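So you can see what is in the structure, the chains are spelled out below.
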Amino acid sequence: MSDIKVKICGLSTEDTMAAALDAGADMVGLMFFPKSPRHVSLSQACRLADMARGRAEIVAVTVNMDLDGLSRINELVKPDTFQFHGEEKPEALAAAKVMQGTKVMKALSISDRTDLEQAHYYAVVADRLLFDAKPPAGSDLPGGNGVSYDWTILKGLDLKKPFMLSGGLDPDNVTEAIRLSGVSEVDVSSGVEREKGVKDSDLIRAFLAAAKSVKVPG
């Protein structure tokens, strides 16, 4: 039996990064998207990444970013993984993987089983997939909206690649979400915030404690 793998996404302060690391986060996400309230500058990201290096996997979250932008982040921040949370095609992931020399993760917006069909195309090149809820109408943000979906549609999904459940998770429902979906990896952003874009260290610790209380075969 092993722990659920947990990613805390959209960290932007040293205090909340420390809380996530000390509580056992496996992955930490840094958001590079100016429209997001969780956006970090390159200088902020460098400081936060230095805190996490060797303790958790560092994920640089981008949205439809060009190769020059990815290269700049890679050069300065040195993430372990790039997460693509926009409309990037599998070919873009493959190119980034070769040029940046990092792992790549693709976030896909889903609401029902038919949305899962696209996952098989991305699984060919992505090292990991992340299933997030479709954003509400009119939202400028592809993720971090606190919206949920039917978690049971992930039950039994076999992509031959790891995948994470995201979307609407918080300390109170994460254990139920794991049970209903059968996943072994979860991602949270808005569910550990006291207000939009502002992470709460107590909520981070509570989320990690709840998720890590669930054991999966392995």
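Residues numbered from 1 in each chain as written. Predicted model: local features only at pLDDT ≥ 70, side-chain atom pairs only at ≥ 80, totals over all residues. Heavy atoms only, no water.

Draft legend 1. Focus on the side chain of Lys 7. Within the element layout of this structure, Lys 7 appears in strand β2 (residues 5-9). Contacts of Lys 7, omitting those with residues within four sequence positions, involve Met 27, Gly 29, Val 59, Gln 83, Leu 130, Met 164, Val 186, Asp 187 and Val 188. (Helix = DSSP H or I, 4+ residues; strand = E, 2+ residues; numbered from the N terminus. Contact = heavy atoms within 4.5 Å.)

Draft legend 2. Inspection of the nonpolar core at higher detail. With 61 residues, the main nonpolar core has Ile 8, Leu 30, Leu 129, Phe 131, Leu 154, Val 186 and Phe 207 as its most contacted residues. The biggest single contributor to this core is helix α7 (residues 201-212), with 5 residues. Among residues more than four places away in sequence, those in contact with Val 186 are Ile 4, Lys 5, Val 6, Lys 7, Met 164, Leu 165, Leu 169, Val 174, Ile 178, Phe 207 and Ala 211. Counting residues in each nonpolar core, the second largest holds 11 residues, with Met 31, Phe 33, Val 61 and Val 63 among its members. (Core = buried A, V, L, I, M, F, W, Y, C linked by side-chain atoms within 4.5 Å. Buried < 20%, exposed > 50% of the residue type's maximum accessible area, 1.4 Å probe, protein only.)

Draft legend 3. Looking closely at the pairing of strand β4 (residues 57-62). With 6 of 6 residues buried, β4 lies mostly within the body of the structure. Side chains of β4 alternate between two faces, with Glu 57, Val 59 and Val 61 and Ile 58, Ala 60 and Thr 62 buried alike. Here strand β3 (residues 27-32) runs beside β4; their pairing, made up of 6 bridges, is parallel. Along β4, the bridge assignment pairs Gly 29 with Val 59. The handedness of the β3 to β4 crossover, carried by helix α2 (residues 42-52), is right-handed. Inspection of the sheet shows β4 paired to strand β5 (residues 81-84) by 4 bridges, in the parallel sense. Across the sheet, Thr 62 pairs through a bridge with Phe 84, a residue of β5. Following the backbone out of β4, through helix α3 (residues 67-76) and into the adjacent parallel β5, one traces a crossover that is right-handed. (Pairing = 2+ DSSP bridges. Right-handed = clockwise from strand over helix to strand, strands pointing away.)

Draft legend 4. Structural view of the pairing of strand β6 (residues 103-110). The element β6 is largely enclosed, with a buried count of 6 among its 8 residues. In this structure, β5 lies alongside β6, joined through 4 bridges in parallel fashion. Pairing of Thr 81 across the sheet is with Lys 103, part of β6. In this sheet, strand β7 (residues 128-133) lies alongside β6 in parallel orientation, the contact comprising 6 bridges. Residue pairing in the sheet places Ile 110 in a bridge with Ala 133 of β7.

Draft legend 5. A look at the packing of helix α1 (residues 14-22) against α2. Between α1 and α2, the shortest axis-to-axis distance is 10 Å and the interhelical angle comes to 20°. With respect to α2, the axis of α1 lies roughly parallel. Our pair here, α1 against α2, has a crossing hand that is right-handed. Here Glu 14, Met 17, Ala 18 and Leu 21 of α1 lie close against α2, whose contacting residues are Arg 47, Leu 48, Met 51 and Ala 52. Of the residues belonging to the contact of α1 with α2, the class tally is 6 nonpolar, no polar and 2 charged. (Axes fitted to C-alpha atoms, helices over the stretch in contact; angles between N-to-C directions. Parallel < 35°, antiparallel > 145°, perpendicular 65-115°, else oblique. Left-handed = near helix turned anticlockwise from the far one by under 90°. Nonpolar A, V, L, I, M, F, W, Y, C, P; charged D, E, K, R; others polar.)

Draft legend 6. Inspection of empty space enclosed by the protein at higher detail. Counted according to the given criterion, the structure contains 2 cavities of 30 Å³ or more. Approximately 30 Å³ is the volume found for the second largest cavity. Top contributing element to the lining of the second largest cavity by residue count: β6, with 3 residues. Among the residues making up the lining of the second largest cavity, the classes are represented as 2 nonpolar, 1 polar and 4 charged. (1 Å grid on protein atoms, 1.4 Å probe; cavity = no way out; pocket = protein on both sides within 12 Å on 5 of 7 lines; lining within 4 Å. Points joined across faces, edges and corners; volume = space filled by probe spheres on them.)

Draft legend 7. Inspection of the pattern of salt bridges at higher detail. For the coordinates displayed, the defined rule picks out 17 salt bridges. The closest approach of N and O atoms between Glu 176 and Arg 179, which form a salt bridge, is 2.7 Å. Remark: Arg 179 and Glu 176 occur in helix α6 (residues 174-181); sequence separation between them is 3 residues, near one turn of the helix. Using a relative accessible area of 34% as the deciding quantity, one classes Glu 176 as partly exposed. Through salt bridges that share partners, Arg 38, Glu 193 and Lys 199 make up one connected network. (Salt bridge = Lys/Arg side-chain N within 4 Å of Asp/Glu carboxyl O.)

It is worth stressing that arrangement in space is one thing and function is another; only the former is reported here.
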